[in-house]
Amino acid sequence: MLLTAAIALNPIGLDFLRSAFFAGEQLARNIAQPIVLTAMAMLGLIGALEWLVRVFMINRRTRGGTTM
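What you are looking at is a predicted structure, and each value in this text was computed from that prediction instead of being measured. (Residues numbered from 1 in each chain as written. Predicted model: local features only at pLDDT ≥ 70, side-chain atom pairs only at ≥ 80, totals over all residues. Heavy atoms only, no water.)

A. Highlighting the overall build of the protein chain. Regarding its fold elements, the protein chain presents 3 helices and 0 strands. When the helices and strands of the protein chain are placed in sequence order, the string is α-α-α. Counting every position in the protein chain, which comprises 68 residues, the buried fraction comes to 12%. Long-range contacts, defined as pairs at least 24 residues apart, comprise 33% of the intrachain contacts of the protein chain with a sequence gap of at least 6. Of the roughly 5,600 Å² of accessible surface on the protein chain, a fraction of 72% belongs to carbon and sulfur atoms. (Helix = DSSP H or I, 4+ residues; strand = E, 2+ residues; numbered from the N terminus. Buried < 20%, exposed > 50% of the residue type's maximum accessible area, 1.4 Å probe, protein only. Contact = heavy atoms within 4.5 Å. Areas by Shrake-Rupley, 256 points an atom, 1.4 Å probe, with all protein chains shown as cover.)

Below is the structure:
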């Protein structure tokens with residue numbers, strides 16, 4: 001979750017978000033919107049993967065994972 005927030009909230013990321021959705025020129029919005037939406041989907045997948053790994057690790061600790 002921290003990685004996705006750091007990527008999305010850095011100055012370059014915020015500037016790209018502004019140009020994608022709030023730019024005065026239609027061409028700038030048309031170029032930036034698919035890129036931003038793809039990046040947001042990838043960040044969502046990273047967050048979901050991180051959450052799944054954390055759940056897996058918590059469940060393994062409570063089960064008492066033994067090694068052979």
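B. Up close: a nonpolar patch on the surface. A cluster of nonpolar side chains, namely Phe16, Leu27, Ile31 and Ile35, defines an oily patch on the protein surface of about 390 Å² accessible area. Top contributing element to the nonpolar patch by residue count: helix H3 (residues 26-63), with 3 residues. Position of Phe16 among the secondary structure elements: in helix H2 (residues 11-21). Given the relative accessible area of 35%, Phe16 is considered partly exposed. (Patch = residues over 30% accessible without salt bridge, like charges linked within 9 Å, V, L, I, M, F, W, Y side chains within 5 Å. Salt bridge = Lys/Arg side-chain N within 4 Å of Asp/Glu carboxyl O.)

C. Spotlight on the pattern of salt bridges. In total, this model carries 1 salt bridge according to the counting rule given. Across the pair Arg54 and Glu50 runs a salt bridge, and its minimum N-O distance is 2.8 Å. Placement of both Arg54 and Glu50 in helix H3 is noted, with a separation of 4 residues, approximately one turn of the helix.

D. The arrangement of the environment of Gln33 in detail. Inspection of the secondary structure puts Gln33 in helix H3. Residue Gln33 is classed as partly exposed on the basis of its relative accessible area of 28%. In sequence terms Gln33 and Ala20 are 13 residues apart; their C-alpha atoms lie 4.9 Å from each other. Contacts of Gln33, omitting those with residues within four sequence positions, involve Ala20 and Phe21.

E. Up close: the packing of H2 against H3. For the pair H2 and H3, the least separation of the axes is 7 Å and the interaxial angle reads 130°. Considered as vectors, H2 and H3 are oriented oblique to each other. Seen from above, H2 lies across H3 with left-handed handedness. Contacts from Phe16, Leu17, Ser19, Ala20 and Phe21 in H2 reach Ala28, Arg29, Ala32, Gln33, Ile35, Val36, Leu37 and Met40 in H3. (Axes fitted to C-alpha atoms, helices over the stretch in contact; angles between N-to-C directions. Parallel < 35°, antiparallel > 145°, perpendicular 65-115°, else oblique. Left-handed = near helix turned anticlockwise from the far one by under 90°.)

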